[in-house]
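Residues per chain, in single letters:
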Amino acid sequence: RKSLADNEGMYFVFNKADFYGFWMKNMKFPIDIIYINNKHIVTIFQNVQNPKNPTEQLTVYTPTQAADGVLEVKAGIAEKYHFQVGDSILINL
């Protein structure tokens, strides 16, 4: 993809909570990475930038608490909607 709309994202679900690392390999645009555990936000990385070139060293983003899900959305969505650690979430799949 080249971008995401405000109402789009990707939700990754894991069988158990752990410290899963995410990075921006092959990404073409910045995103917010929101770690979730037991339907509550545990860590937010805002405006994570995509690599500028293919040889750039990639940062691995790891939550401060174990998570059983990760939501990736367009950069700025977490700030726009005032997402905060501890907020409860409801995701309809």
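The text that follows walks through the structure, step by step, so that each part is easy to find. (Residues numbered from 1 in each chain as written. Predicted model: local features only at pLDDT ≥ 70, side-chain atom pairs only at ≥ 80, totals over all residues. Heavy atoms only, no water.)

A short note on the overall build of the chain
Phase 1: When its secondary structure is counted, the chain shows 1 helix and 4 strands.
Phase 2: In summary, the chain has a C-alpha radius of gyration of 13 Å against a globular reference of 12 Å for 93 residues, a match within 12%.
Phase 3: Overall, the C-alpha framework of the chain stretches about 35 × 25 × 20 Å when taken along its three principal axes.
Phase 4: Taking all 93 residues of the chain together, 29% fall into the buried category.
Phase 5: For the chain, the accessible surface area stands at approximately 6300 Å², while carbon and sulfur atoms represent 51% of it.
Phase 6: Across the chain, the 9 positively charged side chains and the 9 negatively charged ones have centroids separated by 8 Å. (Helix = DSSP H or I, 4+ residues; strand = E, 2+ residues; numbered from the N terminus. Rg over C-alpha atoms; globule rule 2.2 N^0.38 Å. Buried < 20%, exposed > 50% of the residue type's maximum accessible area, 1.4 Å probe, protein only. Areas by Shrake-Rupley, 256 points an atom, 1.4 Å probe, with all protein chains shown as cover. Lys, Arg positive; Asp, Glu negative; His and termini not counted. Charge placed at Lys NZ, Arg CZ, Asp CG, Glu CD.)

Considerations on the pattern of salt bridges
Phase 1: Under the defined criterion, the tally for this structure stands at 4 salt bridges.
Phase 2: With a shortest N-O distance of 3.2 Å, K74 and D6 are connected by a salt bridge. Of the two residues, K74 is situated in strand 4 (residues 67-74) and D6 in the segment before strand 1 (9-18); the sequence distance between them amounts to 68 residues.
Phase 3: A relative accessible area of 33% means that K74 is categorised as partly exposed.
Phase 4: Judged by its relative accessible area of 37%, D6 falls in the partly exposed class. (Salt bridge = Lys/Arg side-chain N within 4 Å of Asp/Glu carboxyl O.)

Quick notes on the pairing of strand 2 (residues 31-37)
Phase 1: Counting buried positions along strand 2 gives 6 out of 7 residues, so the element sits mostly inside the fold.
Phase 2: Connecting strand 2 to the next strand, strand 3 (residues 40-48), in antiparallel fashion are 2 residues, including N38 with a positive phi near 50°.
Phase 3: Pairing of strand 2 with strand 4, which is carried by 6 bridges, proceeds in the antiparallel orientation. Pairing of I34 across the sheet is with L71, part of strand 4. (Pairing = 2+ DSSP bridges.)

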